[in-house]
Amino acid sequence: MTSAKVTDAKATGAPEEGYERGLGSRQVQMIAIGGAIGVGLFMGAGANIEKAGPSIILMYALAGVVIFFIMRALGELLLYRPVSGSFAEYAREFLGPFFGFVTGWTYWLMWVVTGMAELTAAAIYIHFWFPEIPQWVSALVFLVVLFGVNLISVKIFGEVEFWFSMIKVTAIIGMIVIGLGVLTLGFSDAGDTATVSNLWSHNGFFPNGIGSSLMTLQGVMFAYLAVELVGVTAGESENPEKTLPKAINTLPWRIIVFYVGALLVILSVVKWTEFHDGESPFVHAFGKIGIPLAAGIVNFVVLTAALSSCNSGMYSTGRMLRDLAANSEAPQAFGKLTTRKTPAVGIAVSVALMGIGVVLNYVVPEKAFQYVTSVATAAGIWTWMMILVSHIRYRAAVDAGRLRASSFPAPGGALFSWVALLFLVGVTCMIAYDKDARICLYVAAGWAVALGVGWAILKSRNPQIATRGGEEPELEKVG
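Residues numbered from 1 in each chain as written. Predicted model: local features only at pLDDT ≥ 70, side-chain atom pairs only at ≥ 80, totals over all residues. Heavy atoms only, no water.

## Observations regarding the overall build of the protein chain
Looking only at helices and strands, the protein chain has 20 helices and zero strands in total. Across the 479 residues in the protein chain, those meeting the buried criterion constitute 56%. For the protein chain, restricting intrachain contacts to residue pairs at least 6 apart in sequence, the fraction spanning at least 24 positions comes to 81%. Accessible area for the protein chain stands at about 18500 Å²; split by element, carbon and sulfur atoms hold 68% of it. (Helix = DSSP H or I, 4+ residues; strand = E, 2+ residues; numbered from the N terminus. Buried < 20%, exposed > 50% of the residue type's maximum accessible area, 1.4 Å probe, protein only. Contact = heavy atoms within 4.5 Å. Areas by Shrake-Rupley, 256 points an atom, 1.4 Å probe, with all protein chains shown as cover.)

## Some remarks on the packing of aromatic side chains
The geometry of an aromatic ring pair comes down to the distance between the two centres and the angle between the two planes. Counted according to the given criterion, the structure contains 17 aromatic pairs. Pairing Phe 94 with Tyr 394 gives two aromatic rings, centres 5.8 Å apart and planes at 70°, and the pair type is edge-to-face. Placement of the pair is Phe 94 in helix H5 (residues 86-95) and Tyr 394 in helix H17 (residues 367-399), with a sequence separation of 300 residues. Overall, the relative accessible area of 2% leaves Phe 94 in the buried class. Judged by its relative accessible area of 0%, Tyr 394 falls in the buried class. Plain terms: the ring middles of Phe 157 and Tyr 315 are 4.2 Å apart, the flat faces sit at 5° to each other, and that makes the pair stacked. One end of the pair, Phe 157, is in helix H8 (residues 154-185); the other, Tyr 315, is in helix H15 (residues 294-326), and 158 residues separate them in sequence. (Phe/Tyr/Trp six-rings, centres within 6.5 Å; stacked < 30°, edge-to-face > 60°.)

## Some words on the pattern of salt bridges
Using the criterion set out here, one finds seven salt bridges in the structure. Arg 92 is paired through a salt bridge with Glu 89; the nearest N and O atoms lie 2.5 Å apart. Residue Arg 92 and its partner Glu 89 are both found in helix H5; the two are separated by three residues, about one turn of the helix. Using a relative accessible area of 1% as the deciding quantity, one classes Arg 92 as buried. Put simply, Arg 92 and Asp 323 hold a salt bridge, and the shortest N to O gap is 3.2 Å. In this pair, Arg 92 sits in helix H5 while Asp 323 sits in helix H15, placing the two residues 231 residues apart along the sequence. (Salt bridge = Lys/Arg side-chain N within 4 Å of Asp/Glu carboxyl O.)

## Considerations on the environment of Asp 277
Looking at the element boundaries, Asp 277 is found in the loop between helix H13 (251-269) and helix H14 (281-289). Sequence separation between Asp 277 and Lys 51 is 226 residues; the distance between their C-alpha atoms is 9.0 Å. If we skip the residues at most four places from it in the chain, Asp 277 touches Gly 46, Ala 47 and Glu 50.

Encoded structure:
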């Protein structure tokens, strides 16, 4: 049997895409860390604790295991072919051009709607300190500043994201250290009631039943959105063969420390019945311990989390639109780079739409935020599913000798990708069961129709588009 030969650019590593490889190991590592810590943890955990009690720790751990399976699948694909189009490119290669088209535009939608919510949220956080400043003014200032950051260079983006992530990491580690001090030394007002037995003493570990705990998985998954962003950095990392595996392999300890560890400490210091929807569990716990300016400290941290998410959204939307343009699936103007090697047109269009969202969120009820996060979760789940299915197809091609093996194989081959895929299907069913969250499925159905119409129009204008990108018949030629 002859060894598999790689004859096209797609399988030879990182093709030249015109980007500047300006993201160093330090920045990629912190982008990966920051991607696993967002507003979903700082603010969304309160609602999840109220529904699931202490068992929410298990839900975050379970979802974290699945996220690790997803990221190892993505890691294997990234080291097979590290490109900024990432999962859209892999869907295009292993499932066909239509799936690349849908995945690229859906991931773009996820970040646009997330940016809408995060900008408005950031303006609300500023209102905490400066109530006299109109909300729209703060949102506009953040929009313009982050837009400028993304236009200057990828190095500036990476540096800003590094410090945003550093603030989030420092805050959580500080909370854990202080909480452990309360538990072991008993200082502060919370010391009298702080005990590990709070994890099971108030109606048990599953106080509202296992079913209620499982229903929180959709909210828990939202907290992990953006962890896949490290894949989009592949085309601009200085040394993707070293930085990407390291960033992905450190994911388990990040989940253990920042999610499981933080929640274990918080729910030991303060009993779960004191946490409620709409309130940050970190603010409540800091206040209970008696830390001065607790609300202001956490408000600042959550502000940086919102700005970090919006900053990442601008970065990823520009890259995804450029990948779509390169495959004739978006206007060609999105494919142009500035002299600083940034996809300015794609970023500008995405920012303009985020700005419209700021205006809309200014006049709609707060319920709109739940709807936006639900839509973002649905788009994220689709992206993760495409990563897993692409990985399964890739492993089949490698086993058949049609493609070379990646230097960063996922443990268990395609087995854990199947497990993670079934898990995501289960979460989707839970979303359909929840009357408040299922609206995102209605939006998803409308989005699917829009994409179907868009694809039909593209094919009518350019019939060759349906055969572009890697497909199984093309893979047969390799070897």
